[in-house]
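Given next are the chains, with one letter for each unit.
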Amino acid sequence: MTAETFRTIWLDADDPSVVKIIDQRLLPHEFKLHDLGSWQDAETAIADMYVRGAPLIGATAAWGLYLAALESPESVAMHAVADRLLAARPTAVNLRWAIERIMRVVDAHAGGELADEIRRDAQAICDEDVEISRGIGEHGVALLEAIAARKPGEPVNVLTHCNAGALATINYGTATAPVYIAQQRGIDVHVWVDETRPRNQGSQLTAWELAQSGVPHTLIVDNAGGHLMQHGLVDIVIVGTDRTTRCGDVANKIGTYLKALAAFDNDIPFYVGLPSTTIDWRSCDGVAEIPIEERDAEEVSHVHGMREGAPTMVRTTAPGTPISNYAFDVTPARLVTGLITERGICAASEDGLLGLFPEMRDRS
Ligand code: MRU
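Please read these numbers as outputs of a predicted model, since none were measured by experiment.

Parameters and conventions
- Residues numbered from 1 in each chain as written.
- Predicted model: local features only at pLDDT ≥ 70, side-chain atom pairs only at ≥ 80, totals over all residues.
- Heavy atoms only, no water.
- Helix = DSSP H or I, 4+ residues; strand = E, 2+ residues; numbered from the N terminus.
- Rg over C-alpha atoms; globule rule 2.2 N^0.38 Å.
- Buried < 20%, exposed > 50% of the residue type's maximum accessible area, 1.4 Å probe, protein only.
- Contact = heavy atoms within 4.5 Å.
- Salt bridge = Lys/Arg side-chain N within 4 Å of Asp/Glu carboxyl O.
- Disulfide = S-S within 2.5 Å.

Explanation requested: the overall build of the protein in the structure shown.
Per the secondary structure count, the protein includes 12 helices and 16 strands. A compact globule built from 364 residues would reach a C-alpha radius of gyration of about 21 Å, and the protein, at 20 Å, matches this within 12%. Taken across its 364 residues, the protein has 57% of its residues classed as buried. Sequence separation of at least 24 residues holds for 74% of the intrachain contacts in the protein that already meet a minimum separation of 6.

What exactly am I supposed to notice about the pattern of salt bridges here?
Pairing between side chains of opposite charge can happen when their charged atoms approach one another. The tally for this structure, following the rule as stated, stands at 21 salt bridges. The partner of D35 in a salt bridge is K20, and the shortest N-O contact between them spans 2.8 Å. With D35 in strand 3 (residues 33–36) and K20 in strand 2 (residues 19–22), this pair connects stretches of sequence that are 15 residues apart. Overall, D35 belongs to the partly exposed group, its relative accessible area being 37%.

So what exactly am I meant to see when it comes to the state of the cysteines here?
Between two cysteines, a covalent bond joining their sulfur atoms is known as a disulfide. Summed over all chains, the structure comprises one disulfide. Considering cysteine sulfurs only, C247 is the nearest to C346, which forms no disulfide, with 12 Å between them.

The quantities given are spatial measurements derived from coordinates; they are silent on function.
Here it is as structure tokens:
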């Protein structure tokens, strides 16, 4: 997965009107590529979670705007497409970040082929994301090295939630990047993978990609984390994030907050892999200000799997059971030991983040 050449999204080398993605809905049962031939395809891929994970959602929107410009490069039409893409999923702030970045190209455009300019920037977003993830890995691995030094001959046990791996980014991931770098450096590392109901990003994506890379891991149900922590079986929790406020509150997949509470109670460090593209400099109080996506009840009432070689949906609830399906929650900064960014590790606070990103001082 983390081979230099691995990417989760790319422009078709033979047909520049097609963007290629992995249809993540089919993993781990089938590895199938899917073609995006229009901005509507990109919108569907984001909303219906063919692609997911904050950085990959942003990159997909950028490529969606490229596909829109191929079709109709007029500014009015481009702004309408940007609005539609922005509404595809509300929580991951990378979506807004990527769309605003591409729309600056649109608004500054003065002749020549708009699509060519957007293509270059969409490609740059992807290339930069790989370097950002690698940076998170290079900084975060120091935490794993320090734990390894304290328990020679034993594995470093990392617990993670959802999929903040290579599949959620362009490569390497955010929460998983320190793990992949640790593996490259020969550190004995083992990952507890939360199943992550209802969409099972842990069991279907994280476990799959760790297996592809040969990283030792064990799948657990979402409620097992506290028990493992009480018994000394977790050294560190590392999760990703869909939006982190400038004050350090962290929105991530539903259930992350409960892991942070359990980690706090057991004195276990709780870190967040945080690309700078996921920082919402306009928000401070995450609980009050971050929009939390509510998804279809069917994600809760049904489970998706394989039966006799064919994909199947199975209903596990009585028909008509009232259901709510909040996709994300917010972990307050006070429960976060630190943020691992591409520029280093900092406290989950405005001062901590501005220390690493001083150029944002006037913009927050
Ligand atoms: O609903 P998803 O699968 O898009 O949620 C993804 C997560 O919550 C990830 O942990 C987060 O986006 C970080 S990805 C590097």
